[in-house]
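The lines below spell out each chain.
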Amino acid sequence: MAVVVLLAAGAVLALVLQSRHDVDREARNRSVAVAETFAHSPGLNAALRSPDPSKILQPLTEATRKVSGVDFIVVMDTRGIRYTHPLPDRIGKRFVGTIEPSLAGRVHTESVQGPLGKEIQAIVPVFSEGDHGKVEALVSAGLTVKNVTGVVDRQLPVLLGASAAGLALATAGAALISRRLRRQTHGLGPLEMTRMYEHHDAVLHNVREGVLIIDGEGRLLLANDEAKRLLALPSDAEGQLLRELPGLDRHLTDLLLSGRVATDEVHEAGDRLLVINQRPTRPRGSPEGTAVTIRDSTEMRVLSTRAEAARRRLRLLYDAGVGVGTTLDVEQTAQELADVAVPRFADFVTIDLAEAVLRGDEPTGAAPDLRRTAVSGIRDDSPLYPRGRLIDFLPSTPQARGLSSGRAEVIALADAPGWHAQDPPRAQAILDFGIHSLIIAPLKARGVVLGVVNFWRSQKPEPFDEEDLSLAEELVARAGVSIDNARRYTREHTLAVALQRSLLPRDLPEQSAVEVAHYYLPAQSGVGGDWFDVIPLPGGRVALVVGDVVGHGLHAAATMGRLRTAVLNFSSLDLPPDELLGRLDGLVQYIDQSGADAGDGSGLGVLGATCLYAVYDAVTQRCTMARAGHVPPAVVRPDGTVEIPDLPAGAPLGLGGFPFEVAELQLSEGTQLVLYTDGLIESRGRDIDEGLDLLRAALAHADRDPQEVCRAVLKEMLPVRPRDDVALLVARTSALPADRIAEWDVTFEPSAVASMRAAAVERLEEWGLSALAFGTELVLSELITNAIRHGAAPVRVRLLYDRVLTCEVFDASSSSPRLHYATTTDEGGRGLFLVAQLSRRWGARYTPDGKVIWSEQALPDAEEL
């Protein structure tokens, strides 16, 4: 707009100046014309020669002036004295102006300050008649500047109007053009457009991605610097047809001219790998060309290949960290390492461990014999040493060097004479099989070499490199910790199992009350504190015990041994089940207190223990039992009915202050009593109720003996990998035949002793035990006499013929006899000494109604009978 205004102003100024120039020129021309016309008019010379030229010429000049439109016509003599003038008072006065040129015969025009103001006047000579060279007078005609300016002023509105119209037209045109430009440039002004194109050029030619624009005829319209570099285009490529460009790959040219959509397509261009994206351009709704972007992925491929290799190695190390060492078994851990490395790292992996490591010990400083512990490979027909083979590596082999130096190394098998020397035929077979490269990595933990890991390569033609060696060392280092942990666990487990086996009953004692089958399985994670026991008691009775100490390891096994020994000792006192558990509870409290008072941080107290104690009497077929927090037993009746008796649970051992309750069951002959620990019915996948249901189903067969019952229960319920110890004790009850039981009521007086002796001797003769008659008479005489003398009525005698001959004397007194040596002056005190000498063992037990003094005598051999 400013330019248009300036142009309009310049045009007006030019028009004004031109108009003024034209008017001035017109005024001069008119003045000259009027003056010359008047100067050549007829009669002028005559009038000049008249006596009064003014009188004649004044009217003529005024008339001519008005007609011609000039402001004045002045006639003067050669001296410049006026003859005429529009102002009469100026007549006779000297003319204002330059007359010399005219006196010389020339027409002269000028602008002067005359009587009428500023004037433009022309001075024309008047020549004498007949003598054209002589100036007789002068004629001047002219216009005042005021009149000239008035003409211009009258023309100025027209000029200004024309200029305004031009300005309006120019403004409208500029507005239309500006609007069209803004529409085409999306509202961007010149400054923005300039900045945009500068940025466009900067980005287009500096971006690390090639850009091509191709028109519909296949002509290259634009190519940035990166595109020219990637495609090796010449500098003048723009504007040329693609097919005429030298050096452009034909397949790539076909793609660029196809006009089809391409997304991240990879194409080779010389030694480069290019990723191409292509889209057709549709500026007016129809395809008119193609826009192409090109990205160089050559370096990216190399980097991505390295990144992918690093990712695979990290994944392998992660899988090794997760998959190696899932168990505490040395051989299994070694096999896990071999499996995780095949085929992602090596084609074959073999692991050789020292024999001491497999036993749980540390290898000695001397070169150990190695046993092939793990083998894994992509094929099963490799000529490598098989698993289990004992190998004595020669000093020249890389394995022996690795064992001594503790360093891993890469070996090219074709150039390894020391490796060939170990077993030349097998070495050649390995090479013929295609195995060509080997990494040996010593398996170390805490600075001790446990064995060696061999990584073999066959499929890849290139050998192992230094990066592979680093990965192998990292794999083996991680696995070494797991194998060492498994080795140490194996040692501890072996010691704990040995301790536990020594503490558990090896051979159950002979007795006739029950037929017993048992099973014990340590937990997968280590031995625990479960135990069982079968303890013969006098009087045709037997005690069945099952217990469980919380925890695993040596401490649990040692605690179990202490508790089992305590139960054996307490059972020798012939205590009832509830009283025995009470004393055992006190012992556990004492152990806990002793461990807490030790103050050495060893924590050797009992973390918790449960126990079930049952006493079965084969004479009365009655079973009395009590439990301290233990799972209840199962009772299988002869008809196949399975019961879980509602036995009071009791508190676990060691809590103290809680009494134990006794339950009494009547068991017919052939009933099976099943005692077990919670490891049998509880597992990760089932709870106690579900386990009890499975146990009932497994026991619902009364026709099986205890061994068959034990196998059936274990088959149905034993977990694959038990988390806890499993102890199972199956006892099928027997009954002492009635013909082997003799029982009498004794009159409460000393004279009854003789009749009891006679009745007992008579029964012994019926049983064929006459050889025991004398001793039995002495034992019964002493026991019955003591009962009558020191006890209380009623008194009862019972003889039991089983594996031993048992004499029992019942009375209602709770006082117990005590054995002591009588001096020479004592009148009594020798009776119990005689009983002890004649019996294999003797003792006393308390009943709800009093006590029983019993004595057992060994049966005579068949030869003595």
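Residues numbered from 1 in each chain as written. Predicted model: local features only at pLDDT ≥ 70, side-chain atom pairs only at ≥ 80, totals over all residues. Heavy atoms only, no water.

Helix and strand counts for the chain stand at 23 helices and 30 strands. Relative to the compact-globule value of 29 Å for 865 residues, the chain shows a C-alpha radius of gyration of 69 Å, a clear excess of over 25%. Along the longest, intermediate and shortest principal axes, the C-alpha atoms of the chain span 230 × 75 × 55 Å. Across the 865 residues of the chain, 45% fall into the buried class. Pairs at least 24 residues apart make up 60% of the contacts formed inside the chain by residues separated by at least 6 positions. As displayed, the chain has an accessible area near 43,300 Å², and 54% of this comes from carbon and sulfur atoms. Looking at the chain, you have 90 positive and 115 negative side-chain charges, and the mean spots of the two groups are 15 Å apart. (Helix = DSSP H or I, 4+ residues; strand = E, 2+ residues; numbered from the N terminus. Rg over C-alpha atoms; globule rule 2.2 N^0.38 Å. Buried < 20%, exposed > 50% of the residue type's maximum accessible area, 1.4 Å probe, protein only. Contact = heavy atoms within 4.5 Å. Areas by Shrake-Rupley, 256 points an atom, 1.4 Å probe, with all protein chains shown as cover. Lys, Arg positive; Asp, Glu negative; His and termini not counted. Charge placed at Lys NZ, Arg CZ, Asp CG, Glu CD.)

Turning our attention to the nonpolar core. Grouped together as the largest cluster of nonpolar side chains are 56 residues, with contacts concentrated most on Phe-345, Val-349, Ile-351, Leu-413, Val-453, Phe-455 and Trp-456. Here this core takes eight residues from helix H15 (residues 466-503), the largest share from any one element. Those residues in contact with Val-453 that sit more than four places away from it in its chain are Leu-337, Val-349, Thr-350, Ile-351, Ile-439, Ile-440, Ala-441, Leu-443 and Val-476. Counting 50 residues, the second largest nonpolar core, distinct from the first, contains Leu-504, Leu-581, Ala-609 and Leu-612. (Core = buried A, V, L, I, M, F, W, Y, C linked by side-chain atoms within 4.5 Å.)

A grouping of Phe-774, Leu-778, Phe-833, Leu-834 and Leu-838 is seen on the molecular surface, where their side chains present a nonpolar patch of about 450 Å² in accessible area. For the nonpolar patch, the secondary structure elements donating two or more residues are helix H22 (773-790) and helix H23 (831-838). Of the residues forming the nonpolar patch, the biggest block, three residues, is contributed by H23. The residue Leu-778 is located in helix H22 in this model. (Patch = residues over 30% accessible without salt bridge, like charges linked within 9 Å, V, L, I, M, F, W, Y side chains within 5 Å. Salt bridge = Lys/Arg side-chain N within 4 Å of Asp/Glu carboxyl O.)

A cluster of like negative charges, contributed by Glu-462, Asp-465, Glu-466 and Glu-473, occupies part of the molecular surface. With respect to the helices, strands and loops of the structure, Asp-465 is situated in the loop between strand E15 (448-457) and H15.

A separate point is the side chain of Gln-58. Along the polypeptide, Gln-58 turns up in helix H3 (residues 53-68). Residue classification places Gln-58 among the buried positions, given a relative accessible area of 14%. Leave out the neighbours within four places in its chain, and Gln-58 touches Pro-53, Tyr-83, Thr-84, His-85 and Ile-91.

A few words on the pattern of salt bridges. Using the criterion set out here, one finds 41 salt bridges in the structure. Put simply, Arg-541 and Asp-574 hold a salt bridge, and the shortest N to O gap is 2.6 Å. Residue Arg-541 is located in strand E18 (residues 541-552), and its partner Asp-574 is located in the loop between helix H16 (554-572) and helix H17 (577-598); the two are separated by 33 residues in the primary sequence. For Asp-574, a relative accessible area of 9% translates into the label buried. Notably, a salt bridge pairs Arg-763 with Glu-766, separated by 3.1 Å at the nearest N-O pair. One end of the pair, Arg-763, and the other, Glu-766, are both in helix H21 (residues 752-767), three residues apart, so they sit about a helical turn from each other. One connected set of salt bridges, linked through shared partners, spans Arg-313, Arg-457, Glu-467 and Asp-468.

With respect to topology, five strands assemble into an open sheet ordered E17-E18-E19-E20-E23, the strand pairing being antiparallel. Of all the strands in the sheet, just strand E17 (528-537) and strand E23 (663-666) have a single pairing partner and so form its edges. Neighbour to neighbour, the strand axes of the sheet diverge by 15° on average, direction disregarded. Sheet strands touched by H16: E17, E18 and strand E19 (609-617). Its angle to E17, the strand with the most contacts, is close to 15°. (Pairing = 2+ DSSP bridges. Axes fitted to C-alpha atoms, helices over the stretch in contact; angles between N-to-C directions.)

Any two aromatic rings considered together are summarised by their centre-to-centre distance and by the angle between their planes. Under the defined criterion, the tally for this structure stands at five aromatic pairs. Seen in terms of ring centroids, Phe-345 and Phe-455 are 5.2 Å apart; in terms of plane orientation they differ by 80°. Their pairing is edge-to-face. Highlighted residues: Phe-345 in the loop between helix H10 (330-341) and strand E10 (348-354) and Phe-455 in strand E15, separated in sequence by 110 residues. Members of the aromatic cluster, connected to one another through ring pairs, are Phe-345, Phe-455 and Phe-464. The ring of Tyr-801 carries Arg-740 above its face, with NZ or CZ at 4.1 Å from the centroid. The aromatic ring of Phe-810 is capped on one face by Arg-796, whose charged end is 4.0 Å from the ring centroid. (Phe/Tyr/Trp six-rings, centres within 6.5 Å; stacked < 30°, edge-to-face > 60°. Lys NZ or Arg CZ within 6 Å of the ring centre and 35° of its normal.)

Time to look at the environment of Ser-297. When you line up the elements, Ser-297 lands in the loop between strand E9 (289-296) and helix H9 (298-323). Along the backbone, Ser-297 and Leu-274 are 23 residues apart, and their C-alpha atoms lie at a distance of 5.7 Å. Setting aside anything within four residues of it in sequence, one finds Ser-297 in contact with Leu-273, Leu-274 and Val-275.

With antiparallel pairing, the five strands of this open sheet are ordered in space as E16-E25-E24-E21-E22. Of all strands in the sheet, those bounded by a partner on one side alone are strand E16 (514-521) and strand E22 (642-643). Both E16 and strand E25 (residues 726-733) contribute to a ladder of eight bridges, which runs antiparallel. Opposite Val-516, over in E25, you have Ala-731 as the bridge partner.

Further remarks concern unusual backbone geometry. Each neighbour pair has its own omega, and for Val-342 with Pro-343 the value is 0°, a cis peptide bond. Within the secondary structure, Pro-343 is located in the loop between H10 and E10. Along the chain, Ala-793 connects to Pro-794 via a cis peptide bond; the corresponding omega equals 0°. Positive phi outside glycine occurs at Asp-574, with the angle close to 55°. One non-glycine residue with positive phi stands out, namely Gln-621, at about 55°.

Right, let's get into the packing of H10 against H15. Taken N-terminus to C-terminus, the directions of H10 and H15 make an angle of 165°; their axes are 8 Å apart at the nearest point. By the angle between their directions, the pair H10 and H15 is classed as roughly antiparallel. Classified by chirality, the crossing of H15 by H10 is right-handed. Between H10 and H15, the residues in contact are Val-330, Thr-333, Ala-334 and Leu-337 and Leu-475, Ala-479, Ser-482, Ile-483, Ala-486, Arg-487 and Thr-490, respectively. For the contact of H10 with H15, the residue count by class is seven nonpolar, three polar and one charged. (Parallel < 35°, antiparallel > 145°, perpendicular 65-115°, else oblique. Left-handed = near helix turned anticlockwise from the far one by under 90°. Nonpolar A, V, L, I, M, F, W, Y, C, P; charged D, E, K, R; others polar.)

Looking down a regular strand, the side chains alternate between one sheet face and the other. Inspection of the sheet shows strand E5 (residues 210-215) paired to strand E6 (residues 220-223) by three bridges, in the antiparallel sense. If you follow Leu-212 over to E6, its bridge partner there is Ala-223. Count of turn residues in the E5/E6 antiparallel hairpin: four residues, of which Gly-218 carries a positive phi of about 80°.

In this section: the packing of H21 against H22. Two elements in contact, H21 and H22, have axes whose closest approach is 9 Å; the angle formed by their N-to-C orientations is 145°. Our pair here, H21 against H22, has a crossing hand that is right-handed. Within the contact between the two elements, H21 uses Val-753, Met-756, Arg-757, Ala-760, Val-761 and Leu-764 and H22 uses Ala-773, Thr-776, Glu-777, Leu-780, Ser-781, Ile-784, Thr-785 and Ile-788. Per-class residue counts for the contact of H21 with H22 are nine nonpolar, three polar and two charged.

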